[in-house]
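Given next are the chains, with one letter for each unit.
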Amino acid sequence: SGTSPGLVPTWVWLFSAFTSFCAYALDSIDGKHARRTQSSTPLGELFDHGLDSWATSIFVLSFFSVCSRDNGKTGVSVYTMYIYLSIVLFNFMCSHWEKYNTGVLFLPWGYDISQVVLIAAYLLTGALGVEVWQKPFLFGYYITDALVILLIGFSLFLSFPQTLYNIHRAHLKKTLKHESLYEGLLPLVSPLLLFVLLTVWVVLSPSNILAKQPRLFLWMVGVAFSNVICKVIICQMSSTRPERFHWFLFPLALVVYAAISGLLGWTEEAVLAVLTTLVTAAHVHFGVCVGRQLSEHLNIYIFSLKKRVQE
């Protein structure tokens, strides 16, 4: 939007605000509706939270489209967007790590605020145009600067401390599902290693891969993270131990090593495209297979309240 402000019609921003509001509202009532219709199942929980884990990164990418890429004067740099995405995904991970240990999903106010801010950003862009993001807002600071500060503030001083407090309170009440420190921290291993590998690639890439392919790279980050968290959600629902190292980490580690060592050379972007395609296909395949297995095991249909006929 920053380089071609006349290209995106106003109705796109308004429609985006409407659809984001619908998604936010429906995401808030689906659980209540499932309980009213007595159709609340682990399959529904996985659908809800699994798709949320993917949509979280898409929300950040859509915000990138609104505020535009850094052009030297205005916009947000790709590295800021990577940090922004990492913080949002970190908060999401903490919520489900907390539920893995306490059995209770506590959603901080930061989630609601982020949805309201995104809807407001679409409406503001539709009303005033993308130029509103390219002019100083207050004391020489841009609106995007304020949003990044708010995001970091909510994460460091509200969301993450609340997660630690809830786990500590469960420990004092002796209601933790996993008394062992190792078992409690195990779900964090793969997400943190994923973040380390991706950050190493961003920082040490010879071709500056994030600057050359920001959307593709950030999309891959979101899909890989979603798959890792979906595995944690399943372990939390089934009271099973999560795997120590997610299998995504091994091909990613090979690609990162080949990239930063210069082995990939000019093919680094092509390899990123192939890796992103494979990760996306694997994630979709995983979702379809797990959905079918739960549907058959629970004797229910995925998109219908009708019960399967018992054989």
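Residues numbered from 1 in each chain as written. Predicted model: local features only at pLDDT ≥ 70, side-chain atom pairs only at ≥ 80, totals over all residues. Heavy atoms only, no water.

What to know about the environment of Asn227
The line we're drawing: Runs of E in the DSSP output that reach at least two residues are strands. Runs of H or I that reach at least four are helices, and both are numbered from the N terminus. The contact rule is simple, with two residues in contact once any of their heavy atoms fall within 4.5 Å.
Considering the arrangement of structural elements, one finds Asn227 in helix H8 (residues 214-238). It is 8.3 Å that separates the C-alpha atoms of Asn227 and Ser53, two residues lying 174 residues apart in sequence. In this view, Asn227 contacts His246, Phe248, His283 and Phe286; residues no more than four positions away in its chain are not counted.

Some points on the environment of Arg308
Residue position: Arg308 is located in the segment after helix H10 (268-298). Apart from the residues lying within four places of it in its own chain, the contact partners of Arg308 are Ser295, Glu296, Asn299, Ile300 and Tyr301.

Quick word on helix H1 (residues 10-36)
Here is the rule: Here a helix's expected span is defined as the number of its residues, less one, multiplied by 1.5 Å. Categorising residues by exposure relies on relative accessible area from a 1.4 Å probe, with only protein chains included: less than 20% of the type maximum marks a residue as buried, more than 50% marks it as exposed, and the intermediate range marks it as partly exposed.
For H1, spanning 27 residues, the distance from its first C-alpha to its last is 39 Å, which sits close to the expected 39 Å at 1.5 Å a residue. When we look at burial in H1, the residues that qualify are Trp13, Ser16, Ala17, Ser20, Tyr24, Asp27 and Ala34. Directly after H1, the chain includes Gln38, whose backbone phi takes a positive value near 55 degrees.

Considering the pattern of salt bridges
Using the following cut-off: Salt bridge, as used here, is a side-chain nitrogen of Lys or Arg placed within 4 Å of a carboxyl oxygen of Asp or Glu.
Inspection of the entire model under this criterion finds four salt bridges. For Glu45, the salt bridge goes to Lys99, with nearest N and O atoms at 2.4 Å. One end of the pair, Glu45, is in helix H2 (residues 42-67); the other, Lys99, is in helix H3 (residues 78-102), and 54 residues separate them in sequence. Owing to a relative accessible area of 11%, Lys99 belongs among the buried residues under this scheme. The salt bridge involving Glu243 is made with Lys231; its shortest N-O contact spans 3.4 Å. Highlighted residues: Glu243 in the loop between H8 and helix H9 (249-260) and Lys231 in helix H8, separated in sequence by twelve residues. On the basis of relative accessible area, Glu243 is assigned to the partly exposed category, the value being 37%.

Some points on a nonpolar patch on the surface
Operational definition: Patch membership is restricted to residues that have no salt bridge and whose relative accessible area is over 30%. Joining uses 9 Å for like charges and 5 Å for the nonpolar side chains Val, Leu, Ile, Met, Phe, Trp and Tyr. Note on areas: Shrake-Rupley, 1.4 Å probe, and residue coverage restricted to the protein chains presented here.
Where nonpolar side chains cluster on the molecular surface, the patch consists of Phe137, Leu138, Phe139 and Tyr141 and spans about 550 Å² of accessible area. Residue position: Leu138 is located in the loop between helix H4 (109-128) and helix H5 (143-172). Among the residues examined, Leu138 registers a relative accessible area of 47% and is labelled partly exposed.

Considering the layout of surface pockets
Using the following cut-off: Here the term cavity refers to a set of points on a 1 Å grid, laid over the protein atoms alone, in which a 1.4 Å probe fits but cannot get out; the term pocket refers to an open set having protein on both sides within 12 Å along at least five of seven lines, with lining residues being those that place an atom within 4 Å of a point. Grid points are joined across faces, edges and corners, and a volume is the space filled by probe spheres set on the points. Polarity classes work like this: nonpolar for Ala, Val, Leu, Ile, Met, Phe, Trp, Tyr, Cys and Pro, charged for Asp, Glu, Lys and Arg, and polar for all others, with Gly in that last group.
One number sums up the size of the second largest pocket: a volume of about 330 Å³. Lining the second largest pocket are 15 residues; nearest its centre among them are Phe47, Leu51, His283, Gly287 and Val288. By residue number, the principal contributor to the lining of the second largest pocket is H10, which donates seven residues. Taken together, the residues of the lining of the second largest pocket break down into eleven nonpolar, four polar and no charged.

Some points on the UniProt feature "transmembrane region" (unreviewed entry) in the protein chain
Applicable threshold: UniProt positions are given in the numbering used here, feature names are shortened, and annotations may be inferred rather than shown by experiment.
Annotation from UniProt places "transmembrane region" (unreviewed entry) at residues 6-26, 76-94, 106-127, 139-160, 181-204, 216-234, 246-264 and 270-290. Helix makes up 89% of residues 76-94 and strand makes up 0%, while its end C-alpha atoms are separated by 26 Å.

Points about the nonpolar core
Our working rule: Among buried residues, those of type Ala, Val, Leu, Ile, Met, Phe, Trp, Tyr and Cys that are joined through side-chain atoms within 4.5 Å constitute a nonpolar core.
Trp133, Trp201 and Phe217 are the most contacted members of the largest nonpolar core, which has 73 residues in total. A total of twelve residues in this core trace back to one element, the largest contributor, which is H3. Every residue in contact with Trp133, bar those within four places of it in the chain, is listed here: Phe63, Val66, Cys67, Ala121, Thr125, Tyr142, Ile143, Thr144 and Leu147.

Side note on the confidence of the model for the protein chain
The test is simple: Here pLDDT means the predictor's own confidence in every residue, given as a number from 0 to 100.
In this model, the protein chain carries an average pLDDT of 85, and 94% of its residues clear a pLDDT of 70 or more. Note that pLDDT drops below 50 for residues 1-5; the model gives that stretch eleven contacts with residues more than four away or on any other chain.

Quick notes on unusual backbone geometry
A positive phi angle is found at Lys174, which is not glycine, with a value near 60 degrees. With a phi angle near 55 degrees, Ser239 is a residue other than glycine that sits in the positive phi range. Along the chain, Ser239 falls in the loop between H8 and H9.

Quick look at empty space enclosed by the protein
What the rule picks out here adds up to two cavities of 30 Å³ or more. When its volume is computed, the largest cavity comes out at roughly 60 Å³. Around the largest cavity sit Leu186, Pro187, Val189, Ser190, Pro191, Val228, Lys231, Val232, Pro242, Glu243 and His246, which together line it. The set of elements that each furnish at least two residues to the lining of the largest cavity consists of helix H6 (181-204) and H8. With five residues, the single largest contributor to the lining of the largest cavity is H6. For the lining of the largest cavity, a count of residues per class yields seven nonpolar, two polar and two charged. In this structure, the second largest cavity occupies an estimated 50 Å³ of space.

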